[in-house]
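An overview of the molecular structure
This is what each chain is made of:
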Amino acid sequence: MNRNKREKEFYSLDVGDSTFTVLKRYQNLRPIGSGAQGIVCSAYDHNLERNVAIKKLSRPFQNQTHAKRAYRELVLMKCVNHKNIIGLLNVFTPQKTQEEFQDVYLVMELMDANLCQVIQMELDHERLSYLLYQMLCGIKHLHAAGIIHRDLKPSNIVVKSDCTLKILDFGLARTAATGLLMTPYVVTRYYRAPEVILGMGYQANVDVWSIGCIMAEMVRGSVLFPGTDHIDQWNKVIEQLGTPSQEFLMKLNQSVRTYVENRPRYAGYSFEKLFPDVLFPADSEHNKLKASQARDLLSKMLVIDASKRISVDEALQHAYINVWYDPIEVEAPPPLITDKQLDEREHTVEEWKELIYKEVDWEERTKNGLIRGQPASQGAAVSQPPQHHQPPSASAAGVSDPTLSAPAPTGSSLEPAAATTIA
Ligand code: AMP
């Protein structure tokens, strides 16, 4: 395609402090969020005739941290195909050559709200357990591909008004420097597991801790361990859960152990105290049972010693969650990650620029509207849910006023509750 024709395909508009230069097929851009990597807009895609989300990554190759994250995200988003992980519909850059290359635009399925907004709602057990089930399904799928997230948080989880949920990112690379990420953004550490805070080895159930913290926040309506920094984060954990056993302390390296041993000792509180009945809907016998199941699940997820913490599979089988169990969702075949060095890559800015530019490969995509040989209109990552999981049709929800309706659990006689509006 010649240069002039390409130029005509794009237009620019200001979004906050940033300028978005996007393909003309994307109209009606409105900012819906921002993160460490940049601004996210909703837009209407005239080719696919649907709303989408567009995230701008500005000069993603500018330093190791940005580049590794952007490249990893791009590669993984293309490989992973699961209904609880965000799907990539398109990727493009408006710049014409690798030399001029600056920005990447990721086009994704548009969701209605992130989980921070949902946490403010009074959730009933159906919605709460269904949201947790979907987090576990998404995380299990990442684990099956060898990706351990380690940094799940409410801002990186998005939901739709029909109560469907998707994880937005792929967490920390194995080689990521967990302390020095993404200035000037304050890194949220509230959801990081003790083994991450204390720099220990970790296994897949590191992500169960984060899901436990998110569940606790949805129940309480406030952050469970709101540490102001690494050290305060640990204080908040032990104040509530109690100082861990000697057996755990022996697993720490000498300097960390010395620090941990020198903290004041805390007895911690029982889970009945931490999550009393008043926090749960417990107005009927059924809801009382559900509240005790929810508390039991919390007590098994929020265990400081990872060797004693529940696994993702065990959480999926827990009585509070397994009402939703569907093998098609839980046991979906793992994606094949072709780039085996994804986490180890170290490059110069110029090398990153080339690598990311190659991944953007815009011409093929915009020409064909294809991602991995699938028509983009189907969504790269969305498979139809099985019928018994099909939630009742969502009310027409805008981004600013989403609703959450709850589906009926598998084999349950529960009536789905009325849609609740997020204030
Ligand atoms: P991120 O830059 O990926 O951390 O996203 C920042 C924020 O933008 C998220 O917390 C969401 O509120 C919003 N967001 C990102 N992607 C989407 C999407 N696909 N649909 C709806 N909102 C999104």
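Please read these numbers as outputs of a predicted model, since none were measured by experiment.

What counts, and at which threshold
All residue numbers here refer to positions counted from 1 along the written sequence of the relevant chain. Reporting in this predicted model follows two pLDDT cut-offs: at least 70 for local features of residues, and 80 or more for side-chain atom pairs to be given and counted; totals over whole chains, interfaces and linings ignore these cut-offs and use all residues. Hydrogens and water molecules were not included; the side-chain quantities draw on all heavy atoms of the structure. Paired strands, in this sense, are two strands between which DSSP finds at least two bridges. Labels follow the DSSP assignment, with helices taken as runs of H or I lasting at least four residues and strands as runs of E lasting at least two, numbered in each case from the N terminus. Here a residue-residue contact requires only that any non-hydrogen atoms of the pair lie within 4.5 Å. Axis lines are fitted through C-alpha atoms, for helices just across the contact stretch, and the angle between N-to-C directions can take any value from 0 to 180 degrees. The pairing test for Phe, Tyr and Trp rings, Trp by its six-membered ring, is centres within 6.5 Å, and the orientation test on the planes gives stacked under 30 degrees, edge-to-face over 60, and tilted for anything in between. Exposure classes here rest on a 1.4 Å probe applied to the protein chains alone. A residue is buried below 20% of its type maximum, exposed above 50%, and partly exposed in between. Two limits define a charge over a ring: the Lys NZ or Arg CZ must be within 6 Å of the ring centre, and within 35 degrees of the ring normal. Here the expected length of a helix is defined as 1.5 Å per residue gap, with one fewer gap than residues. For each residue, the test is whether any non-hydrogen atom lies within 4 Å of the molecule or strand; if one does, the residue is near. In the analysis that follows, any N or O atom pair within 3.5 Å is treated as a polar contact, provided that within protein one partner can donate a hydrogen and the other can accept it, and provided that, for residues neighboring in sequence, both atoms belong to side chains. Note that accessible areas follow from Shrake-Rupley with a 1.4 Å probe, and for residues the cover is restricted to the protein chains shown. Side-chain classes follow a simple rule in which Ala, Val, Leu, Ile, Met, Phe, Trp, Tyr, Cys and Pro form the nonpolar group, Asp, Glu, Lys and Arg form the charged group, and the remainder, Gly included, forms the polar group. As a per-residue quantity, pLDDT reports the predictor's confidence and falls between 0 and 100. As used in this record, nonpolar core signifies buried Ala, Val, Leu, Ile, Met, Phe, Trp, Tyr and Cys residues forming a set joined through side-chain atoms within 4.5 Å. Between Lys or Arg on one side and Asp or Glu on the other, a salt bridge is scored when a side-chain nitrogen of the former is within 4 Å of a carboxyl oxygen of the latter. By definition in this entry, angles of less than 35 degrees are roughly parallel, angles greater than 145 are roughly antiparallel, angles of 65 to 115 are roughly perpendicular, and the rest are oblique. Handedness of a helix crossing follows the sense of rotation of the near helix relative to the far helix, less than a right angle counterclockwise being left-handed and clockwise being right-handed.

1. Topic: the sheet that holds strand β10 (residues 165-167)
Taken in spatial order, the three strands of this open sheet run β8-β9-β10, and their pairing is antiparallel. Strands with a single pairing partner mark the edges of an open sheet, and in this sheet they are β8 (113-114) and β10. Sheet analysis places β8 next to strand β9 (residues 157-159), joined by two bridges and oriented antiparallel. Paired with Asn114 across the bridge in β9 is Val158. Helix α4 (residues 125-144) rests against β9 and β10 of the sheet, and its axis sits at about 35° to β10.

2. Considering the packing of aromatic side chains
On inspection of all chains with the given rule, the structure shows 13 aromatic pairs. On the numbers, 5.8 Å between centres and 10° between planes, the contact of Tyr26 with Phe92 is stacked. Placement of the pair is Tyr26 in strand β3 (residues 26-35) and Phe92 in strand β6 (residues 88-92), with a sequence separation of 66 residues. Considered together, Tyr26 and Phe92 belong to a single accessibility category, that of buried residues. Cluster of aromatic residues (ring-pair linked, three or more members): Phe10, Phe20, Tyr26, Phe92 and Tyr105. Residue placement shows Arg220 over the ring face of Phe275; its charged tip is 5.2 Å from the ring centre.

3. What to know about helix α14 (residues 349-360)
For α14, which comprises twelve residues, the first-to-last C-alpha distance of 16 Å matches the rise-based estimate of 16 Å (1.5 Å per residue) to within 8%. Inspection of α14 places Trp352, Lys353, Leu355, Ile356, Tyr357, Glu359 and Val360 among the buried residues, and these make up the whole buried set. Looking one or two places after α14, you find Asp361, whose phi comes out positive at around 40°.

4. Concerning the site of the ligand
Every one of the 17 residues lining the ligand counts as a neighbour, but Lys55, Glu109, Met111, Asn114 and Ser155 are closest to it. Here Lys55 contributes a side-chain N or O atom positioned 2.8 Å from an oxygen atom of the ligand. Take Asn114: an N or O atom from its side chain is 2.9 Å from an oxygen atom of the ligand. Burial of the ligand by the protein chains amounts to 93% of its free accessible area of 480 Å². When contributions to the shell around the ligand are tallied by element, the ones reaching two or more residues are β3, β5 (50-58) and β7 (103-109). Of the residues forming the shell around the ligand, the biggest block, four residues, is contributed by β3. Taken together, the residues that form the shell around the ligand break down as nine nonpolar, six polar and two charged.

5. Observations concerning the confidence of the model for the protein
Scored by pLDDT, the protein comes out at a mean of 84, with 81% of its residues at no less than 70. Counting contacts from residues 411-423, a segment whose pLDDT is below 50, to residues more than four positions away or on other chains yields 27 contacts.

6. Overview of the nonpolar core
Among the nonpolar cores identified, the biggest contains 103 residues, and Leu131, Met135, Met218, Phe275, Leu302 and Ile356 are the most heavily contacted of them. Core analysis: the second largest hydrophobic core is formed by 18 residues, Leu23, Leu29, Leu48 and Leu89 among them.

7. A look at helix α11 (residues 285-301)
For α11, spanning 17 residues, the distance from its first C-alpha to its last is 25 Å, which sits close to the expected 24 Å at 1.5 Å a residue. Considered for burial, the residues of α11 that qualify are Asn287, Lys290, Ala291, Gln293, Ala294, Arg295, Leu297, Leu298 and Met301. For α11, the secondary structure elements touched by its buried residues are α4, α6 (206-220), α10 (271-274) and α12 (312-317).

8. So, the pattern of salt bridges
Within this structure, the stated rule accounts for 22 salt bridges. With a closest N to O distance of 2.6 Å, Asp124 and Arg127 form a salt bridge. Each member of the pair Asp124 and Arg127 is classed as buried. Between Lys308 and Glu247 there is a salt bridge; the shortest N-O distance is 3.1 Å. With Lys308 in the loop between α11 and α12 and Glu247 in helix α8 (residues 246-249), this residue pair connects regions lying 61 residues apart in the sequence. A single salt-bridge network, built from bridges that share partners, covers Lys55, Arg69, Glu73 and Asp169.

9. As for the sheet that holds β6
Across the sheet, five strands lie side by side as β3-β4-β5-β7-β6; this open sheet has antiparallel pairing. Both outer strands of the open sheet, β3 and β6, are each paired with one neighbouring strand and no more. Between one strand and the next, the sheet's axes are offset by a mean angle of 25°, whatever the strand orientation. Taken together, the six bridges between strand β4 (residues 38-45) and β5 define a ladder with antiparallel strand orientation. For Asp45, the partnering residue across the bridge sits in β5 and is Arg50.

10. Quick word on unusual backbone geometry
Of note in this structure, Glu49 is not a glycine but carries a positive phi near 55°. Of the residues examined, Glu49 reaches a relative accessible area of 60% and is grouped as exposed.

11. Some thoughts on the packing of α4 against α6
Viewed as axis vectors pointing N to C, α4 and α6 meet at an angle of 165°, and their least axial separation amounts to 11 Å. On the basis of the axis angle, α4 is roughly antiparallel to α6. The handedness of the crossing between α4 and α6 comes out as right-handed. Seen from α4, the contacting residues are Leu128, Leu131, Leu132, Met135, Leu136, Ile139 and His143; seen from α6, they are Asp207, Ile211, Ile214, Met215, Met218 and Val219. Looking at the contact of α4 with α6, its residues break down into eleven nonpolar, one polar and one charged.

12. Thoughts on the packing of α6 against α11
Axis separation between α6 and α11 bottoms out at 9 Å; the angle between their running directions is 140°. The orientation of α6 relative to α11 falls into the category oblique. Helix-helix and strand crossings are classified by hand; for α6 and α11 the assignment is left-handed. In this structure, α6 uses Val208, Trp209, Ile211, Gly212, Met215 and Ala216 to contact α11, whose residues at the interface are Ala294, Leu297, Leu298 and Met301. Residue composition of the contact of α6 with α11, by class: nine nonpolar, one polar and no charged.

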